[in-house]
Amino acid sequence: MSEVKAGLRYTEEHEWAEKIGATSVRIGITDFAQHQLGDIVFVELPKLGAKLEAHAPMGTIESVKTVSDLFSPVAGTVTKVNEALLDSPELVNSEPYSAGWIVEVEIDGEIGQALESLLTAEAYGEFVASQD
């Protein structure tokens, strides 16, 4: 069973967003997604300062099985990228909700509104259960 961490917001593309400041979020992929992908071998990160659109591709993630797009759950500007993933992409597998995060984003608009449009942990858990 995949871990769904309480307190985060989720997308149906299996990304999560965590509020880390008044106007910023940290983004990563879910435990379910990393299990589906298998061993992660490369993560293409967006550039610092890149403008992201909600639910649009922001990079790619490559595993031994496939290459998949990474989607931004929110619109905003990339303020930090997890450079540790360049040398250790397997952090996404071992710690998808902590050391395996992908980017931090300064939200365009109101953060509460941006996060409310995403799935709650409970709703995402139900969505994932329907995928198995």
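The shown structure was predicted, so the numbers you read here are calculated from the model rather than taken from an experiment.

Definitions and cut-offs
- Residues numbered from 1 in each chain as written.
- Predicted model: local features only at pLDDT ≥ 70, side-chain atom pairs only at ≥ 80, totals over all residues.
- Heavy atoms only, no water.
- Pairing = 2+ DSSP bridges.
- Helix = DSSP H or I, 4+ residues; strand = E, 2+ residues; numbered from the N terminus.
- Axes fitted to C-alpha atoms, helices over the stretch in contact; angles between N-to-C directions.
- Core = buried A, V, L, I, M, F, W, Y, C linked by side-chain atoms within 4.5 Å.
- Buried < 20%, exposed > 50% of the residue type's maximum accessible area, 1.4 Å probe, protein only.
- Contact = heavy atoms within 4.5 Å.
- Phe/Tyr/Trp six-rings, centres within 6.5 Å; stacked < 30°, edge-to-face > 60°.
- Lys NZ or Arg CZ within 6 Å of the ring centre and 35° of its normal.

Let us look at the sheet that holds strand S4 (residues 40-44). Pairing in this open sheet of three strands is antiparallel, and the strands run S4-S6-S7 from one edge to the other. A strand with exactly one partner marks an edge of an open sheet, and here the two such strands are S4 and strand S7 (67-71). Across the sheet, the axes of successive neighbouring strands diverge by a mean angle of 25°, strand direction being ignored. Here strand S6 (residues 57-63) pairs with S7 via five bridges, running antiparallel. Note on S7: the bridge partner recorded for Glu62 is Val67.

Within the largest apolar cluster, 27 residues are counted, with the highest numbers of intra-cluster contacts made by Val25, Ile29, Val43, Ile61, Val74, Ile102 and Val103. Elements supplying a minimum of two residues to this core: strand S3 (24-29), helix H1 (31-37), S4, S6, strand S8 (76-81), helix H3 (91-94), strand S9 (103-107) and helix H4 (111-116). With near-sequence residues (within four places) excluded, Ile29 lies in contact with His14, Glu15, Trp16, Gln34, Leu37, Ile61, Leu70, Val92, Pro96 and Ile102. Phe32, Tyr97, Ala121 and Val128 belong to the second largest nonpolar core, which has 10 residues in total.

Scanning the entire structure with this criterion turns up three aromatic pairs. Ring centres of Tyr10 and Tyr124 lie 4.5 Å apart, and the angle between their planes is 10°; on these two criteria the pair is classed as stacked. Of the two residues, Tyr10 sits in strand S1 (residues 9-10) while Tyr124 sits in helix H5 (residues 121-131), which places them 114 residues apart along the sequence. Comparing Tyr10 with Tyr124 shows no difference in burial state: the two are buried. Ring centres 6.0 Å apart and planes at 50° place the aromatic pair Trp16 and Tyr97 in the tilted group. With a gap of 81 residues between them, Trp16 in strand S2 (residues 15-19) and Tyr97 in the loop between H3 and S9 connect regions that are remote in the sequence. By the burial criterion, Trp16 is buried, and Tyr97 matches it. Taken together through their ring pairs, the aromatic side chains of Tyr10, Tyr124 and Phe127 make up a single cluster. Over the aromatic face of Trp101 sits the side chain of Arg26, whose NZ or CZ is 4.7 Å from the ring centroid.

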